[in-house]
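Next come the chains, spelled out residue by residue.
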Amino acid sequence: MGFDACVLVFFSTKDYTKVNGESLMLPVSFESCFGLLHVPPSDAMSTAVVICPGLTIDELSGYTTLRLLADAFADAGFPTLRLHYAGTGDAPDPAKGPEYWLRWQQDIGAAIAWIGAHCGARRIILCGFRFGALLAATVAAARAEVAGLILLAPVLRGRSYMRQLSIESTPSRTGIDAGRFYLSAETVALISKVELRHIVLPPTCKTALFARPSTVLAHCAADWKTRGVELTVNDFAGLEPLLRPTFAMHEGSAEVAAIVSWAIHAIPDRSLADMLLPNCSAVVETEDWIETPQYFGPARDLFGVLCRPRQSGSEVVVLMVNASGDPHCAGGAVNTARHLARGGVASFRIDLAGLGDSGQANDQHVFETDRSGDCSAAIDALEALNYRQFAIFGLCSGAYHAFHGASADPRIGYAVLINLPFFVWTPGFPLNDLTFDVRKPAHFLQRLNTRAFWKIFLFKLVTGDLNLRVRLAWLERKFRRLPGFTQDVSLATRVAKQVKMLFLICEGDISGELLRREFGLHPPPGTRITLVPELNHAMTGSFMREVVARHIIAFLPAECSVQPPAKARSLAVADA
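All figures in this text were calculated on a predicted structure; none of them were measured in a lab.

*Asks:* Even after reading the chapter, I still don't get the pairing of strand β7 (residues 146-152), so can you show me in this structure?
*Replies:* Each regular strand displays side chains that alternate between the two surfaces of the sheet. With respect to burial, β7 is a largely interior element, seven of its seven residues being buried. In terms of strand pairing, strand β6 (residues 123-129) meets β7 through six bridges, oriented parallel. Residue pairing across strands places Gly 128 opposite Leu 151, the latter belonging to β7. Handedness of the crossover joining β6 and β7 through helix α5 (residues 131-140) is recorded here as right-handed. Bridge count between β7 and strand β10 (residues 206-210): five bridges; the pairing is parallel. From the neighbouring strand, Gly 148 faces β10, where its bridge partner is Lys 206.

*Asks:* Mind showing me how you'd approach the environment of Ala 221 here?
*Replies:* Relative to the helices and strands, Ala 221 resides in helix α8 (residues 215-226). With 13 residues separating them in the primary sequence, Ala 221 and Ala 208 have C-alpha atoms 10.0 Å apart. For Ala 221, the residues in contact, after removing those within four places along its chain, are Leu 209, Leu 231 and Val 233.

*Asks:* I keep staring at the packing of helix α4 (residues 100-119) against α5 and nothing clicks. Help me out?
*Replies:* For any two helices packed against each other, one specifies the crossing angle of their axes together with the interaxial distance. For the pair α4 and α5, the least separation of the axes is 10 Å and the interaxial angle reads 70°. Comparing their axes, α5 and α4 come out roughly perpendicular. Judged by the sense of rotation from one axis to the other, the crossing of α4 with α5 is right-handed. Listed contacts from α5 to Trp 101, Trp 104, Gln 105, Ile 108 and Ile 112 of α4 are Phe 131, Leu 134, Leu 135, Ala 136, Thr 138 and Val 139. In terms of residue class, the contact of α4 with α5 is built from nine nonpolar, two polar and no charged.

*Asks:* Sorry, what's going on with the sheet that holds strand β2 (residues 24-30) here?
*Replies:* Adjacent strands of a sheet form backbone hydrogen bonds with each other and so pair up, either parallel or antiparallel. Overall, mixed pairing links the eight strands, which are arranged β2-β3-β5-β4-β6-β7-β10-β11 in an open sheet. Strands at the two margins of the open sheet, each flanked by one partner only, are β2 and β11 (231-234). When the angles between neighbouring strand axes are averaged without regard to direction, this sheet yields 20°. Against the sheet, helix α3 (residues 63-75) makes contact with β3 (33-39), β4 (47-52), β5 (80-84), β6 and β7, and its axis sits at roughly 155° relative to β5, the strand it touches most. Strand contacts of α5: β4, β6 and β7, with the helix running at about 150° to β6, the strand carrying the most contacts.

*Asks:* I keep staring at the packing of aromatic side chains and nothing clicks. Help me out?
*Replies:* To describe a pair of aromatic rings, you give the distance between the ring centres and the angle between the ring planes. Counted under the stated rule, the structure contains 21 aromatic pairs. Three or more aromatic residues link up through ring pairs in this structure, and these residues are Tyr 85, Tyr 100, Trp 101, Trp 104, Phe 131, Tyr 161 and Phe 181. A cation over an aromatic ring shows up here: Arg 82 above the ring of Tyr 63, its NZ or CZ 5.3 Å from the ring centre.

*Asks:* Can you walk me through the pattern of salt bridges in this structure?
*Replies:* Note on pairing: side chains with opposite charge can pair once their charged atoms come close. Counted under the stated rule, the structure contains 19 salt bridges. A salt bridge links Arg 338 to Asp 93, with the nearest nitrogen and oxygen atoms 3.4 Å apart. Highlighted residues: Arg 338 in helix α10 (residues 331-342) and Asp 93 in the loop between β5 and α4, separated in sequence by 245 residues. Among the residues examined, Arg 338 registers a relative accessible area of 1% and is labelled buried. Ionic pairing is found between Glu 195 and Arg 157, a salt bridge with its closest N-O pair at 4.0 Å. Linking Glu 195 in the loop between α7 (185-192) and β10 with Arg 157 in the loop between β7 and α6 (158-168), this pair joins segments that are 38 residues apart in sequence.

*Asks:* Got a minute to help me understand α5 in this structure?
*Replies:* The periodicity of an α-helix, 3.6 residues per turn, causes residues three or four positions apart to be oriented the same way. Burial within α5 is extensive, with ten of its ten residues counted as buried. Every buried residue belonging to α5 is among Phe 131, Gly 132, Ala 133, Leu 134, Leu 135, Ala 136, Ala 137, Thr 138, Val 139 and Ala 140, and all of these are buried.

*Asks:* I would appreciate a short explanation of unusual backbone geometry in the present structure.
*Replies:* Trans peptide bonds make up most of the peptide bonds, and negative phi angles are found at most residues other than glycine. Its identity as a non-glycine residue notwithstanding, Ser 32 has a phi of 65°, on the positive side. Along the chain, the position of Ser 32 falls in the loop between β2 and β3. Owing to a relative accessible area of 40%, Ser 32 belongs among the partly exposed residues under this scheme. One non-glycine residue, Arg 300, lies in positive phi territory at about 55°. Within the element layout of this structure, Arg 300 appears in the loop between β14 (289-296) and β15 (302-309).

*Asks:* I tried to follow the side chain of Thr 80 on my own but got confused; where do I start?
*Replies:* As for its position among the elements, Thr 80 is in strand β5. A distance of 2.9 Å separates a polar side-chain atom of Thr 80 from the backbone oxygen of Phe 78. Aside from chain neighbours lying at most four places away, what touches Thr 80 is Leu 36, Leu 37, His 38, Val 49, Ile 51, Ala 70, Phe 73, Ala 74 and Ile 115.

What counts and what doesn't
- Residues numbered from 1 in each chain as written.
- Predicted model: local features only at pLDDT ≥ 70, side-chain atom pairs only at ≥ 80, totals over all residues.
- Heavy atoms only, no water.
- Buried < 20%, exposed > 50% of the residue type's maximum accessible area, 1.4 Å probe, protein only.
- Helix = DSSP H or I, 4+ residues; strand = E, 2+ residues; numbered from the N terminus.
- Pairing = 2+ DSSP bridges.
- Right-handed = clockwise from strand over helix to strand, strands pointing away.
- Contact = heavy atoms within 4.5 Å.
- Axes fitted to C-alpha atoms, helices over the stretch in contact; angles between N-to-C directions.
- Parallel < 35°, antiparallel > 145°, perpendicular 65-115°, else oblique.
- Left-handed = near helix turned anticlockwise from the far one by under 90°.
- Nonpolar A, V, L, I, M, F, W, Y, C, P; charged D, E, K, R; others polar.
- Phe/Tyr/Trp six-rings, centres within 6.5 Å; stacked < 30°, edge-to-face > 60°.
- Lys NZ or Arg CZ within 6 Å of the ring centre and 35° of its normal.
- Salt bridge = Lys/Arg side-chain N within 4 Å of Asp/Glu carboxyl O.
- Polar contact = N/O pair within 3.5 Å; in protein donor to acceptor, adjacent residues only side chain to side chain.

Have a look at this one:
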């Protein structure tokens, strides 16, 4: 096993400048935050940009677009830092649950100070998306160096957003368990009092809104203009991918030119910055683990984060691939990797080509794009770091690509596949017709009698997020049981002969039906199929990720103190 990777903790502009003259992306860490600095390819202006992302679903859906936006800002001469707040992205989780509303404002302040010190920035443009826009506006109201504010689909009312977040997150009696972070009742109360229109921006802070029109937004714009704010209101045309589910990557990228154009004209800057970019530390570490960003692949344009345990308990390193189009720093991947490290297992969570922070790939599809080459490139990188035994891990579409990656690369000896929807994809099948829950119609009828169902229903009805035509079509598919794809039994059986596989499935998931159909009553030797009652299809809860990590640790060939949870049980395929 190799920990010779220490030399890769530091990134220099010489090593990572792209030969085609494009902007440079450097991972950095500071004050318990993580960030990605996009350096202009030539002279840098003294005005820098700090990008403040959204939370949870918004963090994932907006990730790739905000990377493209940061590249565009840097190409225009703005040093640009994409921030990962504490408890989100690749940033560490605070040791004690902080008051996040104030903590995240402090993180933005730390980012402003860092980019000022390292990039010579004298003026700052804050660019926020969804909840990040609400945070950015709050910080801009108190910081004289903030000369510009860009708000992308901003959260307008804290109370409404807290209600939305509580619906999307794991239920909690006292606060909101959002997976990576926990908002206490006190924090929820603080955020609930905040409204964008009530934030008092200084007249010197030029502001741009890019959002879909609404009455609340119009009132906010009117209030700010009355107070003397120089405000530009723009439509949201071309920016829809910011809010699009990540699996819809085949629909194309966002158009960000209008945002950069506003910054160039609203905040002109002909002065050059004295950029002092020493080797920037990108290591993130705690008492349990050390994380190091890595570039890899033939062109060194693929990106991942190696998570090493302080105390090793296994000779196997786990390669973690993207679920859907989510980036490597999605909560499920980060939590699972860090739980593995606490159990002594190293992992390498990567972005496949065109996803997250990896280089672009054309004509992508969540299933149809062959990812086996990216997986093999990651194994090559791990071999260069003296690792010799490899497992691969994936959730849903990630499990699909992990299965095929293991099939294509004989160096992979173990595969952990969570809620694998199928072994073989049927090209051209419409993604919107996929269904992963195969429980009987009675289950969905019973949900009509629950308070949670009507709470979600009324919220989506009020917010306009309920498309009845789509929902009725979805119910029709549920009741007529959309037929599955034709599967190649020989493929799964052949892979099982060369790779030890652990299938983890949640109750009612299509994975159970698939495995029953393919393997019958008796899975091949070396293959385990386990029903995990605590799990849901997307592994959204923080406790779910710990449970999954425990199963992986128990599955890999090593002695360690961590045991699988008592509630989990081995599943005979006939019981799936």
